[in-house]
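Understanding the architecture of this molecule
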Amino acid sequence: MNAEDRSVVERHVADWLNASAPEPPAGMSSRLLEATRTVPQRGNAGLSWFAGRAAGLAAVVLAAVAIGLGLSQVMRSPSVGETPAPISSPTQAPTAPAEPSPSAAPVTPAPTEGAAPGRIAFQANRANETSGIYLMEADGSNVVQLIDDPGAYEMDPIWSPDGSWIVFRTMAADGSLTGGVFLIDPDGGEPVQVDDAYAYSVPVWSPDGSMLALAGNGEEPTGIGLYSIGDGSLEPLTTDGGTAPLWSPDGTRIAYNVANPNDIAVIDVATGDVRNLTDDPWNDSVGRWTTDGTQIVFASDRDTDQTSDSQRSWIVSADGGNAELLGEPVLAFAHWPSPDGAWLAYGAADGLHLSAADGSDDRLVYPAIPADQGPSWAADSTAFVFSNQTEAPREILIMRVDADEPAPLTDDPADDSAPNWGAELSP
């Protein structure tokens, strides 16, 4: 979108909010579009806990295979920019980074013209039956294997904001009750174990990349934990069974789900003070902060028949108060605005949509809501990537804002999923 078009979009949004323009498209209220306009990009956060758990490994989870990986590594204190290496004693020298080994079955799709910058991390079972972590260029070329241990499922890779680390979590292939969250240098090297008790949901980077918010896996201590990249410390923030942590835009607070029934709480990172935003018999699941950090969009089955498909979007002040209905068809946990705020990928009852921020140019681009962490935008807002849900094997698709439909980035007999697009790094 050029500057002139962007100006027109922003003028339409302003007219809408000042009630001087026509009503928004049918099915999308102006209140909903206003909230959508202020919802930040998902960047490092995953879907809500129930959407994230619907990823390709959900069948394993439902079969009672516990999260974990029996790796006998001890947490160390990595520093940003340092080559990560497992530490068995405080004085062990860092391991020199190894060249990433090529994947067992590299893909060679035709190069995509005008590909956005940055590399894409994803999970795939290319080398063995369990999934590993792989990287590729933004046009789908140069696929390399970062890590793929046959004894574990490595999954849900998420780039740090500065691109110097990738965090991922694991699930043991043997059904053992151990688990882990790990950091790895995207240029190679051994993973650093962050923890073995906080692998319940996808780890979430703080906005400045200095910390990770983690969720416990049901063993003591259970709740939200905070890991510091600078000194390698891990501190429990809550022991209330909290899941699905979500950082506020300024990094001072974390919203999360409190279990049974699901309610929404916010914790002040500095003081540890917790405030429940909802306290009711309904199932409330945290979705997104608004960009000004004053409100939280969430999904709830309140005021419905509480069936599996009856959740709607609500919004509540981050300081507490009455929740307001945003409506349908946009799902509270399924908002993925572009980094520049001009475009919105969102989930509705009929699947994944792409529209301009003002609700115009709305199109259904895929007939299902992607699982994993959902779509991941390029830093320049020209495209996003996601994995398919309705075909096998799973592949990674790219949707360009100027295209009519998504195009495949991978074409491999293995399952490729959970793509996460990293920012372009300065030389």
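Placed above this text is the structure.
First things first, this report covers the structure right here in the doc.

What counts and how
- Residues numbered from 1 in each chain as written.
- Predicted model: local features only at pLDDT ≥ 70, side-chain atom pairs only at ≥ 80, totals over all residues.
- Heavy atoms only, no water.
- Helix = DSSP H or I, 4+ residues; strand = E, 2+ residues; numbered from the N terminus.
- Buried < 20%, exposed > 50% of the residue type's maximum accessible area, 1.4 Å probe, protein only.
- Contact = heavy atoms within 4.5 Å.
- Areas by Shrake-Rupley, 256 points an atom, 1.4 Å probe, with all protein chains shown as cover.
- Core = buried A, V, L, I, M, F, W, Y, C linked by side-chain atoms within 4.5 Å.
- Phe/Tyr/Trp six-rings, centres within 6.5 Å; stacked < 30°, edge-to-face > 60°.
- Lys NZ or Arg CZ within 6 Å of the ring centre and 35° of its normal.
- Salt bridge = Lys/Arg side-chain N within 4 Å of Asp/Glu carboxyl O.
- Pairing = 2+ DSSP bridges.
- Axes fitted to C-alpha atoms, helices over the stretch in contact; angles between N-to-C directions.

1. Brief notes about the overall build of the protein
Along its length, the protein carries four helices and 29 strands. Taken over 427 residues, the protein has a buried fraction of 55%. Across the protein, every contact between residues at least 6 apart in sequence was considered, and the portion connecting residues at least 24 apart equals 47%. Of the roughly 17000 Å² that the protein leaves accessible, carbon and sulfur atoms contribute 51%.

2. A few points about the nonpolar core
Ranked by internal contacts, the top residues of the largest apolar core, which has 18 residues, are Leu352, Leu354, Trp377 and Phe384. Looking at this core, the elements with two or more residues in it are β22 (343-348), β23 (351-356), β24 (363-366), β26 (383-387) and β27 (396-400). Residue contributions to this core peak at three residues, all from β23. Of all hydrophobic cores here, the second largest spans 17 residues; its members include Ile158, Val194, Ala199 and Ile229.

3. Details of the packing of aromatic side chains
Going through the model one piece at a time under the given rule, you end up with five aromatic pairs. Here the aromatic rings of Trp377 and Phe384 are separated by 5.0 Å at their centres, their planes lie at 65°, and the arrangement is edge-to-face. Ring pairing ties together the aromatic residues Tyr366, Trp377, Phe384 and Phe386, which thus form one cluster. Lying across the ring of Trp314, Arg302 places its NZ or CZ 5.5 Å from the centre.

4. Quick look at the pattern of salt bridges
If you walk through the whole model with that rule in mind, you get eight salt bridges. For Arg126, the salt bridge goes to Asp416, with nearest N and O atoms at 2.7 Å. Of this pair, Arg126 sits in the loop between β2 (120-124) and β3 (132-136) while Asp416 is found in strand β29 (residues 416-421), placing the two residues 290 residues apart along the sequence. No difference in accessibility class separates Arg126 from Asp416, as the two residues are buried. Taking the shortest distance from any N to any O, the salt bridge between Arg302 and Asp280 comes out at 2.6 Å. Taken together, the residues span a long stretch of sequence, with Arg302 in the loop between β18 (295-300) and β19 (312-317) and Asp280 in the loop between β16 (274-276) and β17 (284-289) at a distance of 22 residues. Comparing Arg302 with Asp280, the two get one shared label, buried. A network of salt bridges, in which partner residues are shared, links Arg126, Asp412 and Asp416.

5. Some thoughts on the sheet that holds strand β6 (residues 166-172)
As summarised here, the arrangement of the four strands in space is β5-β6-β7-β8, forming an open sheet in which the pairing is antiparallel. Looking at strand neighbours, the two that pair on one side only are β5 (152-159) and β8 (192-195), the edges of this open sheet. Sheet twist, expressed as the average angle between the axes of neighbouring strands with direction ignored, equals 30°. For strand β7 (residues 179-184) and β8, the ladder comprises three bridges, and the chain directions are antiparallel. If you follow Phe182 over to β8, its bridge partner there is Gln193.

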